[in-house]
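# Notes for the structure review
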Amino acid sequence: SNKKIALVVGGLGLNARITERAINQLPAEVTLSFVPYADNLQGWINRARASGHEVLIEIPMEPFDFPDNDTGPQTLLAAGNADENQRRLEYLLSRASGYFGVVNYLGGKFAANASASAAFMHSLKARGLGFIGDGSYANLGNVAHNNGVKSVNADRSIDQRPSAADINAQLGALEALAGQKGYALGFGVAYSVTI
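For clarity, every value in this text was computed on a predicted model and none was experimentally measured.

Our next topic: helix α1 (residues 16-25). Within α1, the full set of buried residues consists of I18, T19, A22 and I23. All buried residues of α1 lie within an arc of 130° about the axis, which places them on one face of the element. Residues of α1 that are exposed and point over 90 degrees away from its buried face: R17, N24 and Q25. Buried residues in α1 make contact with β1 (4-12), β2 (31-34) and α2 (41-50). Here α1 starts with a cap whose side-chain oxygen sits 3.0 Å from the backbone nitrogen of R17, and that cap is N15.

Following this line, the structure appears as structure tokens:
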């Protein structure tokens, strides 16, 4: 049976040691997702691609508990001025090149705002970028689809409990899911144990 499993590991670029391990130790088939605020972001992306990894960039979106949960100065805001959100997105996307798409970083409140999320997807479509949802907010995938953006939502987080036993169990569940529907996408974070 021809089943495909895709894995994305996100949160890369802030911790140099972990980022190096992800680039060098994970198989090329694992897609690596980088934080736009990372120092030397382009250098990391270049190294990841030279090692055969496809690359995503994370777009911080307003969570329900913002600003207590601070996603940074360029966060896309649910009730934000459309021009300001557009300016923030352009800044984030201009931090580097070489990524094929973007992934949400948090964003519960942003995802719940139909006009803000539609404007965001419209911008991605204009640039030919894809959207990968981390699995938290299925409606972002629907908005992407409605705006003609190639997108997929992660089927499960593999390391919500970052222990080796748990991650192995989640990878097994991902494999079972791929057996049922032909493919599955797992999303993990740049913890040592995940890598």
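That was the structure; now back to the text.
Another aspect to go through is the nonpolar core. Counting 38 residues, the largest nonpolar core has L32, F34, I59, V102, F120, M121 and F131 as the members making the most contacts within it. Setting aside residues up to four positions removed in sequence, I59 forms contacts with L76, L89, L92, L93, V102, V103, N104, Y105 and F120.

We now examine helix α3 (residues 82-94). Compared with the 18 Å implied by 1.5 Å per residue over 13 residues, the 18 Å span of α3 between its first and last C-alpha is a close match. Restricting attention to buried positions, one finds in α3 the residues N85, R88, L89, L92 and L93. The buried residues of α3 occupy one face: seen down the axis, they fall within an arc of 130°. Opposite the packed face of α3, turned more than 90 degrees from it, sit the exposed residues D83 and S94. Looking at the packing, one finds that the buried side of α3 touches β3 (55-61), β4 (101-106), α4 (108-111) and α5 (114-127). Structurally, the start of α3 carries an N-cap: the backbone nitrogen of D83 is 2.7 Å from a side-chain oxygen of N81.

What follows covers the pattern of salt bridges. Counting across every chain of the model gives seven salt bridges. The residue D155 makes a salt bridge to K181 at a minimum N-O spacing of 2.8 Å. Here D155 is found in the loop between β6 (151-153) and β7 (156-157), whereas its partner K181 is found in helix α7 (residues 164-181), with 26 residues between them in sequence. You can call D155 partly exposed: its relative accessible area is 29%. When salt bridges that share partners are traced, they join E84, R87 and R88 into one network.

Ordered in space as β6-β5-β4-β3-β2-β1-β8-β7, the eight strands form an open sheet in which the pairing is parallel. Because the sheet does not close on itself, it has two edges, and the strands there are β6 and β7. Relative to strand β8 (residues 183-189), β1 runs parallel, the two sharing seven bridges. Bridging across to β8, G10 finds its partner in V189.

What follows deals with the packing of aromatic side chains. Following the criterion strictly, the structure yields two aromatic pairs and no others. Centroid distance F120 to F131: 6.1 Å. Interplanar angle 85°. Geometry classified as edge-to-face. A residue pair is termed long-range when its members are at least 10 positions apart, and F120 in helix α5 and F131 in strand β5 (residues 130-133) qualify at eleven residues. Assigned by exposure class, F120 and F131 land together as buried. Members of the aromatic cluster, joined through ring pairs, are F110, F120 and F131.

Criteria and cut-off values
- Residues numbered from 1 in each chain as written.
- Predicted model: local features only at pLDDT ≥ 70, side-chain atom pairs only at ≥ 80, totals over all residues.
- Heavy atoms only, no water.
- Buried < 20%, exposed > 50% of the residue type's maximum accessible area, 1.4 Å probe, protein only.
- Helix = DSSP H or I, 4+ residues; strand = E, 2+ residues; numbered from the N terminus.
- Arc of directions from axis to C-beta.
- Contact = heavy atoms within 4.5 Å.
- Polar contact = N/O pair within 3.5 Å; in protein donor to acceptor, adjacent residues only side chain to side chain.
- Core = buried A, V, L, I, M, F, W, Y, C linked by side-chain atoms within 4.5 Å.
- Expected span 1.5 Å × (residues − 1).
- Salt bridge = Lys/Arg side-chain N within 4 Å of Asp/Glu carboxyl O.
- Pairing = 2+ DSSP bridges.
- Phe/Tyr/Trp six-rings, centres within 6.5 Å; stacked < 30°, edge-to-face > 60°.

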